[in-house]
Structure formats: structure tokens, C-alpha cells
Amino acid sequence: MTPDPVPDSVYQRVPSFGLRRREPGIAISVLALVVIQLLLLHGLVPNLDGYASLAESFLPWLGLPIIVLAALVLRRFSRLAALAVAASALVWALLFVPSILPHGDQGAGDPGAGAAASGGTFTVASENVKAGNPRVGDVAASLAATGADVVAIQELDSGSQAAVAAGLDPTHPFSTVVGTVGVWSTTPILDSRNLDLGLGWTRALWVDVDTDAGRTRVYVVHLDSIRPGQDSQRDEMLRELRTTLAADVAERIVVVGDFNSATTDRAFARLSDTVTDVGTSTVGLGFTWPSAFPLARLDHLLVRGLTSVSSVVMPANGSDHRGILVTLR
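Residues numbered from 1 in each chain as written. Predicted model: local features only at pLDDT ≥ 70, side-chain atom pairs only at ≥ 80, totals over all residues. Heavy atoms only, no water.

## Quick notes on the side chain of Asp265
By the element assignment, Asp265 lies in the loop between β9 (253-258) and β10 (276-277). According to the relative accessible area criterion, Asp265 is buried, its value standing at 0%. With residues up to four places along the chain from it excluded, the contact list for Asp265 reads Ser53, Glu56, Ser57 and Arg234. (Helix = DSSP H or I, 4+ residues; strand = E, 2+ residues; numbered from the N terminus. Buried < 20%, exposed > 50% of the residue type's maximum accessible area, 1.4 Å probe, protein only. Contact = heavy atoms within 4.5 Å.)

This is the structure we're talking about:
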């Protein structure tokens, strides 16, 4: 005798104990915890072929998956997932909101040097002008128009040097150029030295400039690009730069240029015990590359013995990087 089939309504009354509801919540929670680990422990990820270091330059963009996870929590609420996503959002905010907010005076140096120079300021503009750029003359003209006392240029080539000089020489008659970098100044350059930073060919220099803040040593650097499997030369240049700065006894130091790394990059962090990176004095993270839609800040100005009065990222002007403009005291 065949038993009567159980009505569907009976199955519908059997409790599911929330398994189907909890499964998405668990997945969201796990992903949120992964984001937290990447934010806090990214320096422990093995830097195989430079992939981790490269990813670190885009670390602030981990805010996007947090937004996606938050949207999923709103769609299918889970207390566990909500707590995990809230925690990831809090960690992100603690790491990056201070950088987003406008910065006041920033810098590092001994009080005596600061007091001596407290009455004078000078402005530095810097930009990677892009090798082979047919608009390099326009880029140089826009930098001259900023009124900066010192203009630092990176990625010069044989075809662009004359155009850059034509745009800057009338307003900045004192200059030094070597390899892919150059510096133009409105006031005399008192001394200079070429640097290869372990690369084997010159791609950096320093000059002593007579400024209203006193004699100041300005380093201009163009570090090697970082690509998967090609990070060793960039990292070696950062190590050499740190060693050079640690040994430099100049009273006031500015280090500016295209570092091909962000402050979140583990290799860039090595500089923090010798000079201080200057953040922007406007709202935002100050991304400079690529110019059309900036995704990372690869261009920096760091100081010792000086403080910044203002620091902004300039509008796109024909290069693949956006320039930076910093006034120092």
C-alpha cells in the first residue's frame, strides 16, 4: 500500500534555521575580514616579483569593495556581516581619512633652523613631463606660470629639453639638467651634484638654491618604474636615496620628483625616518597619475628642516602626470 504523498505545505512549515540567510552573511563577513587583513597586514604579504609593492600604491581603493559589501549587507541583512563590514570601514577610515582631510603646516626639522627661517617662504613646482610628449612646451609654460621659485622636471629626453628650457628660461634663468631630470630656479644655484642612486646612470641630482628661507638643498629624483617582475631597481634607488639623505648634513632639505611609488608602498616607507612627506592642503588623497583619471600619488615632495604652508595637485596640463605645487617655510 503506497502512502499518501506529504503535502508541500508541510515542507514549507519545516524551519530552515536560517541556513540560507546566514550563508551570504558568512561570505560577506569573510570578505570583509580579508579586506581588514590587507589594510593592516599588507606589509607581511610576500613581495613576489613586486606584485605586493605595486598593489600597495593603490591601497586606498580597497574602499570600493567595502562599499560593495555594505550594499550587499543592506540588501540581505546579517548582524555578523554588518559588524564585519563596519569594522572594515572603520579601519579604512582610520588609515586614510587623515590623509583626505586638508593638512596644515607639515614638516620636520630642528627648532633652531625653523626659527631662523620663519620669516621666509619659497614655492616648488614639480612634474613628470612625459618622454616624447609633443605638448611638453605647453607643460613647461604652465609650470612657469605658477610663479614657483624652483621648478623640478622629470622624464626629460633629448627631444624635450630644448622646449622645456624655452618655456622656463625666461622666468627661471638658473638651471641644471642631467639625464632625465632638471631643476630651474629664479635665484642662483650655489652648488650641485649628480646622483645615480645605484641605477648605474644618472637619474637624480641635488642643487643648493638661495631662497628666502635660506640656503636650501633640493633633490630632484626620477626613480625607476615598477612593473611586475621589475621592482628591484626602483627599490635599490629608494635604499640609496635613504642612505644619501641620512648622511646629508644640510640644514634644509627638499626631496621632490616622480618616485613611482605611493606612501603606502613598503619600499617608500623607508624614507620616513630621514624626511617627511608633505600631504595636500586641500581635501583629497592628492593622486597624480594618470592625469586623465588619477588613481595613485606617485609624485611627492619631502622635507627636513622646513614646513609646508600649502600643497596642491595642479590640473592636467598635457602630461601623463599631474604636477604638484608646494610652498615651504
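That shown, we press on.
## So, helix α4 (residues 63-75)
With 13 residues, α4 should reach 18 Å at 1.5 Å per residue; the first-to-last C-alpha distance of 19 Å fits that figure. Along α4, the residues that are buried comprise Gly63, Ile66, Leu69 and Val73. Take α4 and look down its axis: the buried residues cluster within an arc of 115°, on one side only. Those residues of α4 that are exposed and aimed more than 90 degrees away from the buried face are Ile67 and Arg75. (Expected span 1.5 Å × (residues − 1). Arc of directions from axis to C-beta.)

## Looking at the pattern of salt bridges
One side chain can pair with another of opposite charge once the charged atoms of both are near each other. Enumeration according to the criterion identifies 11 salt bridges in this entry. Here Asp273 ties to Arg242 by a salt bridge, and the two come within 2.7 Å at their closest N and O atoms. Within this pair, whereas Asp273 is found in the loop between β9 and β10, its partner Arg242 is found in helix α9 (residues 232-247), the two being separated by 31 residues in sequence. The class for Arg242 is partly exposed, based on a relative accessible area of 29%. Among the charged side chains, a salt-bridge network with shared partners connects Asp208, Arg215, Arg217 and Asp248. (Salt bridge = Lys/Arg side-chain N within 4 Å of Asp/Glu carboxyl O.)

## Description of the packing of aromatic side chains
Centre distance and the angle of the planes are the two values used to describe a pair of aromatic rings. A full pass over the atoms with the stated rule returns three aromatic pairs. Plain terms: the ring middles of Phe259 and Phe268 are 5.5 Å apart, the flat faces sit at 75° to each other, and that makes the pair edge-to-face. Pair check on accessibility: Phe259 and Phe268 agree, each one buried. Cation over ring: Arg217 sits above Trp206, and NZ or CZ is 3.7 Å from the ring centre. (Phe/Tyr/Trp six-rings, centres within 6.5 Å; stacked < 30°, edge-to-face > 60°. Lys NZ or Arg CZ within 6 Å of the ring centre and 35° of its normal.)

## Re the nonpolar core
One broad trend across soluble globular proteins is that nonpolar side chains are buried collectively. One finds Val220, Val254, Val256, Leu301 and Leu328 to be the most contacted residues of the largest nonpolar core, which totals 22 residues. Those elements that provide at least two residues to this core are β2 (122-128), β3 (150-154), β5 (181-185), β7 (204-211), β8 (214-222), β9, β11 (299-304) and β13 (324-328). Non-local contacts of Leu301, meaning those with residues more than four positions away in its chain, are made with Val124, Val254, Val255, Val256, Thr276, Asp277, Val278, Ile324, Val326 and Leu328. Counting residues in each nonpolar core, the second largest holds 21 residues, with Tyr219, Val221, Val255 and Leu302 among its members. (Core = buried A, V, L, I, M, F, W, Y, C linked by side-chain atoms within 4.5 Å.)

## A word on the environment of Gly63
Mapped onto the fold, Gly63 is located in helix α4. By relative accessible area, which is 13% here, Gly63 ends up buried. Distance from Gly63 to Ser88, taken between C-alpha atoms, is 8.8 Å for residues 25 residues apart in sequence.

## Describing a nonpolar patch on the surface
There is a patch of nonpolar side chains on the surface, built from Ile26, Val30, Val34, Leu38, Val45 and Leu80 and spanning about 480 Å² of accessible area. In terms of residue count, helix α2 (residues 19-41) provides more of the nonpolar patch than any other element does, four residues in total. (Patch = residues over 30% accessible without salt bridge, like charges linked within 9 Å, V, L, I, M, F, W, Y side chains within 5 Å. Areas by Shrake-Rupley, 256 points an atom, 1.4 Å probe, with all protein chains shown as cover.)

## A look at the confidence of the model for the protein
Interpreting fine coordinate detail is not advised for predicted regions of low pLDDT. When pLDDT is averaged along the protein, the result is 90; 89% of the residues meet or exceed 70. This model gives residues 10-19 a pLDDT under 50, and the stretch forms two contacts once residues within four places in sequence are excluded. A low-confidence stretch, residues 109-117 stays under pLDDT 50, and its non-local contacts, those more than four residues away or across chains, total six contacts. (pLDDT = per-residue confidence, 0-100.)

## Some words on the packing of α4 against helix α5 (residues 79-100)
Running from amino to carboxyl end, α4 crosses α5 at an angle of 155°, the nearest separation of the two axes being 10 Å. Between α4 and α5, the interaxial angle falls into the category roughly antiparallel. α4 and α5 meet at a crossing whose hand is left-handed. Side by side, α4 and α5 meet where Gly63, Ile66, Leu69, Ala70 and Val73 of the first sit next to Ala81, Ala82, Val85, Ser88, Ala89 and Trp92 of the second. Looking at side-chain class alone, the contact of α4 with α5 contains nine nonpolar, two polar and no charged residues. (Axes fitted to C-alpha atoms, helices over the stretch in contact; angles between N-to-C directions. Parallel < 35°, antiparallel > 145°, perpendicular 65-115°, else oblique. Left-handed = near helix turned anticlockwise from the far one by under 90°. Nonpolar A, V, L, I, M, F, W, Y, C, P; charged D, E, K, R; others polar.)

## Side note on the packing of helix α7 (residues 136-144) against helix α8 (residues 161-168)
At a minimum axis distance of 8 Å, the contact between α7 and α8 shows a crossing angle of 30°. By the angle class used here, α7 and α8 are roughly parallel. α7 and α8 meet at a crossing whose hand is right-handed. Within the contact between the two elements, α7 uses Val136, Gly137, Ala140, Leu143 and Ala144 and α8 uses Ala163, Val164, Gly167 and Leu168. Each residue belonging to the contact of α7 with α8 can be placed in one class, and the counts come to seven nonpolar, two polar and no charged.

## Overview of unusual backbone geometry
Between Trp289 and Pro290 the backbone carries a cis peptide bond, its omega angle lying at -15°. Locating Pro290 in the fold gives a position in the loop between β10 and β11. With a phi close to 55°, Asp49 is a non-glycine residue in the positive phi region. For Asp49, the location among the structural elements is in the loop between α2 and α3 (51-56).

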